[in-house]
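Analysis of the macromolecular model
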Amino acid sequence: MTSAAQANGSTEKSEQPDAVPQVYPPSPEFTATANAGPELQAEADADRLEFWAEQAKRLHWHAPFTDVLDWSDAPVAKWFVNGRLNVAFNCVDRHVLEGNGDRVAIHFEGEPGDTRDLTYHDLLAEVSKAANTFSDLGLVPGDRVAIYMPMIPEAIIAMLACARLGLTHSVVFAGFSASALRSRIDDAEAKLVVTVDGQWRRGQAAPLKPSVDEAVDGAESVRNVLVVKRTGIDVDITEGRDLWWHETVDKASDTHEPKPFDSEHPLFILYTSGTTGKPKGIIHTSGGYLTQASYTHHNVFDHKAGQDVYWCTADIGWVTGHTYIVYGPLSNGVTQVVYEGTPNSPDEHRHFQIIEKYGVSIYYTAPTLVRTFMKWGRDIPDAHDLSSIRLLGSVGEPINPEAWKWFREVIGGNKAPIVDTWWQTETGAIMISPLPGITATKPGSAMAPLPGISAKIVDDDATELGNGGSGYLVLDKPWPAMLRGIWGDMDRYRDTYWSRYPEQGWYFAGDGAKYDEDGALWVLGRVDDVMNVSGHRISTSEVESALVGHHGVAEAAVVGAADETTGQGIVAFVILREGVENTGDALIAELKAEVAREISPIAKPRQITVVPELPKTRSGKIMRRLLKDIAEGRDLGDTSTLVDPKVFDAIRGK
Ligand code: PRX
């Protein structure tokens with residue numbers, strides 16, 4: 001690991017453990033104005049459900065709920081039973097009605113340098129136009145809409161238009177391939193796909209519409225494709241199916257009356273990788289999800305509407321973009337930056353220029369980006385005035401202490417608190433995190449469950465572990481933003497999350513965790529066959545099935561190996577079919593391209609090794625742990641259960 005001292009060029013002894021304070025208490029100035037106070041925990045401890053009922057008052061309910069929680073059909077929860085609300089009304093109209101229509105909701109910064117500010121007034125007009133268009137296309141509440149778009153305002157507008165009409169959106173990351181898009185469209189039976197002609201990537205206009213054309217070819221459910229002209233590149237338009245946004249949405253009426261929906265009305269499906277090759281469509285609903293999104297955004301980020309400029313660097317293709325770009329922040333009347341491009345377009349100064357330009361005060365990103373900044377060197381951020389930053393957030397993977405300290409010192413001016421937020425696509429919103437102004441933080445630790453949330457670290461036998469113990473992270477009580485199931489596969493839902501501790505009824509998160517000697521909680525990473533590459537969840541078996549999809553590959557085994565920058569890197573071992581010639585680099589390049597084509601360039605293995613055999617147990621199971629040891633260059637432990645221990649010499653080419 002590059003040490004902070006090397007990366008930032010400083011020579012002081014700040015990296016020596018003894019000289020570094022390991023606990024960072026909140027400053028009295030921060031505490032004095034913090035949104036969260038100690039009463040939150042006290043109230044949650046006194047009566048958890050009453051606490052959540054109180055938080056739900058952050059929202060506008062068209063009809064009040066009669067019960068806070070119905071867990072009688074566990075593990076499918078109903079929160080805020082019988083309550084009725086409109087999610088888009090809460091994120092947009094409400095702010096206009098409260099007199100904040102002129103406040104900027106979105107400062108859009110396009111990759112080529114074009115900019116656009118949308119006030120809440122503008123957002124309401126745009127969302128209304130899109131909602132009118134979607135209705136004109138015949139979509140009715142409960143229908144599914146796939147959104148396959150880069151980070152442009154129309155992506156957020158399309159999501160909110162769905163929410164407004166009770167349509168369930170399924171956002172598919174625009175970096176996914178046509179075949180990944182197709183399987184998600186088919187699984188959800190989406191009727192409409194919203195997309196763009198192309199997207200800007202490092203100064204180039206890259207076509208996206210052709211992927212949609214390929215994906216929807218023969219897809220029975222799709223009736224229309226709505227296309228935003230973003231780059232102006234030439235695309236094919238299929239008469240009767242494809243529509244331009246500027247010819248439909250832009251011309252629609254800008255008024256639209258929102259209708260309330262049941263608190264449990266499905267808001268979105270978001271696909272995420274599991275331990276099998278088939279992604280899971282995680283279902284989230286409305287009232288509970290929005291309550292927790294709003295509560296956490298307010299308290300964890302200490303967000304102050306009308307004062308802060310907030311920037312979450314995620315993509316709307318992931319859950320962080322859903323909850324902390326769209327629903328949480330907009331429900332709280334945020335002013336936020338939305339940036340279309342990569343952090344090094346046109347050069348490595350881009351993020352810091354944006355922070356300086358808009359006076360960003362809250363900056364929420366992933367550890368992998370912090371480590372990339374460290375590699376680029378502190379001269380780059382130091383060339384900018386970052387003094388507006390008053391809070392930093394981290395999500396997606398464990399943040400290593402060096403990166404944490406560098407983040408605080410270099411980006412946070414040695415004063416901004418860092419919230420290391422643990423959560424998942426399935427949890428819908430932040431679950432474990434420090435509360436700024438209250439929690440004394442430790443670099444690398446997510447610290448403790450938020451007020452209203454309950455988590456435990458347990459062993460295989462469900463025994464709770466004390467300080468110093470490490471085991472499995474479980475959530476032992478239902479929470480408002482929890483997933484309500486897996487689309488079309490409720491058995492898989494029960495099996496994946498609830499079958500590990502059936503008697504206790506605990507949710508199994510799939511992460512390992514420990515308490516340190518002071519009781520601070522550290523998330524250690526996945527304990528299943530899911531990799532975490534730059535904060536992206538990718539399953540080993542998905543990559544394996546893409547590799548065996550290549551005509552030359554007989555068998556493949558994939559592991560996540562530690563990587564300095566991306567957290568984990570994908571390492572693959574493949575056995576070729578009889579008679580297939582190993583053409584070396586050419587073959588490896590072909591295999592990498594196959595994975596990019598089948599899944600996404602983000603799933604491309606860092607390394608692929610052709611091997612004569614794979615290590616297997618007597619029952620035929622591939623021993624991934626041993627492959628991981630090889631990939632990470634470790635000594636092999638006990639290999640006695642192997643069919644043929646000599647296989648390792650063969651793999652290493654000895
Ligand atoms: O392993 C944990 C890791 O990311 C997983 C969830 O991935 P995903 O559903 O894609 O959502 C990512 C954004 C919420 C978790 O099971 N993870 C997420 N946040 C942290 C983390 N690991 C350690 N520390 C975190 N703060």
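Rules used in this analysis
Residues numbered from 1 in each chain as written. Predicted model: local features only at pLDDT ≥ 70, side-chain atom pairs only at ≥ 80, totals over all residues. Heavy atoms only, no water. Pairing = 2+ DSSP bridges. Helix = DSSP H or I, 4+ residues; strand = E, 2+ residues; numbered from the N terminus. Axes fitted to C-alpha atoms, helices over the stretch in contact; angles between N-to-C directions. Buried < 20%, exposed > 50% of the residue type's maximum accessible area, 1.4 Å probe, protein only. Right-handed = clockwise from strand over helix to strand, strands pointing away. Near = heavy atom within 4 Å. Polar contact = N/O pair within 3.5 Å; in protein donor to acceptor, adjacent residues only side chain to side chain. Nonpolar A, V, L, I, M, F, W, Y, C, P; charged D, E, K, R; others polar. Phe/Tyr/Trp six-rings, centres within 6.5 Å; stacked < 30°, edge-to-face > 60°. Lys NZ or Arg CZ within 6 Å of the ring centre and 35° of its normal. Domains from an automatic or database assignment. Contact = heavy atoms within 4.5 Å. Buried area = accessible area lost by both parts, 1.4 Å probe. Salt bridge = Lys/Arg side-chain N within 4 Å of Asp/Glu carboxyl O.

**A closer look at the sheet that holds strand β25 (residues 521-526)**
Taken in spatial order, the 4 strands line up as β21-β22-β24-β25 in an open sheet, and their pairing is antiparallel. This sheet does not close on itself; its edge strands, each paired only once, are β21 (455-458) and β25. Between one strand and the next, the sheet's axes are offset by a mean angle of 45°, whatever the strand orientation. Bridging between strand β24 (residues 507-515) and β25 involves 5 bridges; their strand directions are antiparallel. In the strand pairing of β25, Lys514 is matched with Trp522.

**Re the pairing of strand β19 (residues 391-395)**
Counting buried residues along β19, 5 of its 5 residues qualify, which places the element largely inside the surrounding structure. A two-sided burial pattern is seen for β19, the buried positions comprising Leu391, Gly393 and Val395 on one face and Leu392 and Ser394 on the other. Here 4 bridges tie strand β18 (residues 362-365) to β19, and the two strands are oriented parallel to one another. In the strand pairing of β19, Thr365 is matched with Ser394. When β19 meets strand β20 (residues 418-421), the two strands line up parallel, connected through 4 bridges. Each bridged residue has a counterpart across the sheet, and for Val395 the counterpart in β20 is Thr421. For the crossover from β19 across helix α16 (residues 401-411) to β20, the handedness is right-handed.

**A closer look at the site of the ligand**
As a structural note, the neighbourhood of the ligand is formed by 17 residues, with Asp420, Thr425, Asp511, Arg526 and Arg537 the closest of them. The contact in question runs from an oxygen atom of the ligand to an N or O atom on the side chain of Arg537, over 2.7 Å. Elements that contribute at least two residues to the shell around the ligand include exactly α12 (319-331), β20 and β25. The residue inventory of the shell around the ligand, partitioned by class, reads 6 nonpolar, 6 polar and 5 charged.

**A closer look at the packing of aromatic side chains**
Evaluated as defined, the whole model comprises 32 aromatic pairs. Taken together, a centroid distance of 5.2 Å and an interplanar angle of 75° make the contact between Trp61 and Phe65 edge-to-face. Note on Trp61: relative accessible area 15%, which makes it buried. Taking 5.1 Å as the distance between ring centres and 85° as the angle between the ring planes, the aromatic pair formed by Phe268 and Tyr289 counts as edge-to-face. Of this pair, Phe268 sits in strand β14 (residues 266-272) while Tyr289 sits in helix α11 (residues 287-300), and the two are 21 residues apart along the sequence. On the basis of relative accessible area, Phe268 is assigned to the buried category, the value being 0%. For Tyr289, a relative accessible area of 1% puts it in the buried group. For the cation-ring pair, Arg500 lies above Tyr472, with the distance from its terminal atom to the ring centre recorded as 4.8 Å.

**Comments concerning the domain arrangement of the protein chain**
With domains assigned, the protein chain is organised as domain 1 (34-342) and domain 2 (530-652). Using only C-alpha atoms to locate each centre, domain 1 and domain 2 end up separated by 36 Å. With 15 residues of domain 1 in contact, the opposing surface of domain 2 contributes 14 residues. Buried area between domain 1 and domain 2, both sides added, is near 1,000 Å², and the carbon and sulfur share of it is 46%. Our count for the domain 1 to domain 2 interface comes out at 0 salt bridges. The class makeup of the residues in the side of domain 1 that touches domain 2 is 5 nonpolar, 9 polar and 1 charged.

**Topic: the pattern of salt bridges**
In this structure the tally under the stated criterion is 40 salt bridges. Residue Arg116 pairs with Glu154 through a salt bridge whose shortest N-O separation is 3.2 Å. In this pair, Arg116 sits in strand β5 (residues 115-119) while Glu154 sits in helix α7 (residues 153-165), placing the two residues 38 residues apart along the sequence. The partner of Arg606 in a salt bridge is Asp563, with the nearest N and O atoms 3.0 Å apart. A residue pair is termed long-range when its members are at least 10 positions apart, and Arg606 in the loop between α19 (585-598) and β30 (607-610) and Asp563 in strand β28 (residues 553-563) qualify at 43 residues. Overlapping salt bridges bring together Lys209, Asp213, Arg241 and Asp242 as one network.

**Regarding unusual backbone geometry**
Of note, the bond from Ala74 into Pro75 is cis; its omega dihedral lies within 30 degrees of zero at 5°. Relative to the elements of secondary structure, Pro75 occurs in the loop between β1 (67-70) and β2 (78-81). For the peptide bond that leads from Ser345 to Pro346, omega is -5°, which places it in the cis range. Among the secondary structure elements, Pro346 is positioned in the loop between β17 (336-339) and α13 (350-358). The backbone phi angle of Ser534 is positive, close to 50°, even though this residue is not glycine. Secondary-structure assignment places Ser534 in the loop between β26 (530-533) and β27 (536-539). By relative accessible area, which is 22% here, Ser534 ends up partly exposed.

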